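# Reading the structure
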Amino acid sequence: MENVLEIQDLTVAFDGFKAVDNVNTSVEKGEIHFFIGPNGAGKTTLLDAICGRVKPKSGNILFAGGVDVTHYSENQIVNIGIGRKFQVPSVFTGLTVYDNMELAAVKDRSLSSSLFHNVTSEQEELIGHVLNTIGLYEKKDRDAGSLAHGEKQWLEIGMLMAQQPKLMLLDEPVAGMGRVETQKTGELLKTIAKNCTIIVVEHDMEFVRDYASKVTVLHEGMVLDEGSMSEVQHNQKVIEVYLGR
Ligand code: ADP
C-alpha cells in the first residue's frame, strides 16, 4: 500500500521537554488512522507538527510519496493538501451554512472577500455534493451559529472536504456527541476515506473500535504500540497505561 504520510524519528521539544519523542509511524492511503493514548501523551503535538504549527527539534515528515514537509509553514501545508480540524468547532457564526462552505471552497483566503458569492460552477457543484454528504443541504440557508453542536462539527468537516485535501487531521471530532451523532460521524468518515486519508485523535474507544483501520498508541511522547484496535487492546502495556483505567 502507498503511504500518504511517513513520520521518521520525530522529536518535538518545549524547553527541553520532549512532548513527541523519536516517533516513527506511517499512514497508508485510505486509512482512518487513530492516535490514542492518555492525556499528555503527545497526540495533539504530533498533529501540530504535521500541520506546521510547531517546529520539530529533529526528524522528518514526508507527505504523498516523499515530499519533505517537515519545515513547511501552516499555509504551505494547507496548499499541499493537508487539512486540520481543531477540537472546538470554529464555523463562522452570523453567516449561513452555505456561505461558510463558499468561504472554505475558495482556497485563496486573501481574495475571499472579493470572490464571495462568485464561486465557479464546479465549486458550486462541489459545495452541493459536500452539503448532501454531511447531511446539511436542507439547512444551507440557516445561520451556522444556530446549528446543534454535532451539526457544527459536520459543517466544519464539510469545510475541510470543500478544500479537497489528500489528508485530513481531526482532533476529537465526536467529543460532546451522543451515540447517534457519533455513529453518523463515523459513517461520514468512512465516506470521506474513499477519497482522502484521515488521522483522528480520539478518546472515545467505542468509536475507535468501530471505525479504525489502524491505531497508534502514544505514551509519554513515544509510540507504545501500533496495529489494528483488536491487536493493541490486548497489549498488556496499553491496558496498563490507558485502556484499563
Ligand atoms: P495529548 O494531546 O496527548 O493530551 P499534548 O500533545 O497536548 O498531549 O501534550 C503533550 C505534552 O506536551 C504535555 O505534557 C503538555 O503539557 C506538553 N505541551 C504541549 N504543548 C506545549 C507547549 N506549547 N508548551 C509547553 N508544553 C507543552
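Values in this document were obtained by computation on a predicted structure and should not be read as measured data.

Conventions adopted
Residues numbered from 1 in each chain as written. Predicted model: local features only at pLDDT ≥ 70, side-chain atom pairs only at ≥ 80, totals over all residues. Axes fitted to C-alpha atoms, helices over the stretch in contact; angles between N-to-C directions. Helix = DSSP H or I, 4+ residues; strand = E, 2+ residues; numbered from the N terminus. Left-handed = near helix turned anticlockwise from the far one by under 90°. Contact = placed C-beta atoms within 7 Å. Pairing = 2+ DSSP bridges. Near = placed C-beta within 6 Å. Buried ≥ 20, exposed ≤ 12 C-beta atoms within 10 Å, placed from the backbone.

### What about the packing of helix α5 (residues 121-133) against helix α6 (residues 149-162)?
- Contact geometry of α5 with α6 gives a least axis separation of 10 Å together with a crossing angle of 145°. Considering only the axes of α5 and α6, their crossing is right-handed. Across the interface between the two elements, L126, I127, V130 and L131 from α5 touch G158, M161 and A162 from α6.

### Considerations on the sheet that holds strand β8 (residues 197-201)
- Judged by pairing direction, the sheet is mixed, and its 6 strands sit side by side in the order β6-β7-β8-β3-β9-β10 without closing on themselves. Each edge of the open sheet is held by one strand with a lone partner, namely β6 (82-85) and β10 (222-227). Taken over all neighbouring pairs, the strand axes of this sheet differ in orientation by 20° on average, direction set aside.

### Observations concerning the site of the ligand
- Taken together, F14, A19, G37, N39, G40, A41, G42, K43, T44 and T45 make up the full set of residues near the ligand.
- At 3 residues, helix α1 (residues 43-50) tops the list of elements feeding residues into the shell around the ligand.

### A few points about the sheet that holds strand β4 (residues 58-63)
- The antiparallel open sheet is built from 4 strands, whose spatial order is β2-β1-β4-β5. Strands with a single pairing partner mark the edges of an open sheet, and in this sheet they are β2 (17-28) and β5 (67-68).
- In the sheet, strand β1 (residues 3-14) pairs with β4 via 5 bridges, with the strands oriented antiparallel. For T11, the partnering residue across the bridge sits in β4 and is S58.
- Running at roughly 65° to β2, α1 makes contact with β1, β2 and β4 of the sheet.

### Quick notes on the pairing of β6
- Judged by which residues are buried, β6 turns out to be covered on both faces: I82 and R84 on one side and G83 and K85 on the other are all buried.
- In this structure, β6 lies alongside strand β7 (residues 167-171), joined through 4 bridges in parallel fashion. Of the residues in β7, the one forming a bridge with R84 is L169.

### Overview of α1
- Along α1, 8 of the 8 residues are buried, which leaves the element largely enclosed by surrounding structure.
- Backbone geometry just after α1 places G52 at a positive phi near 80°.

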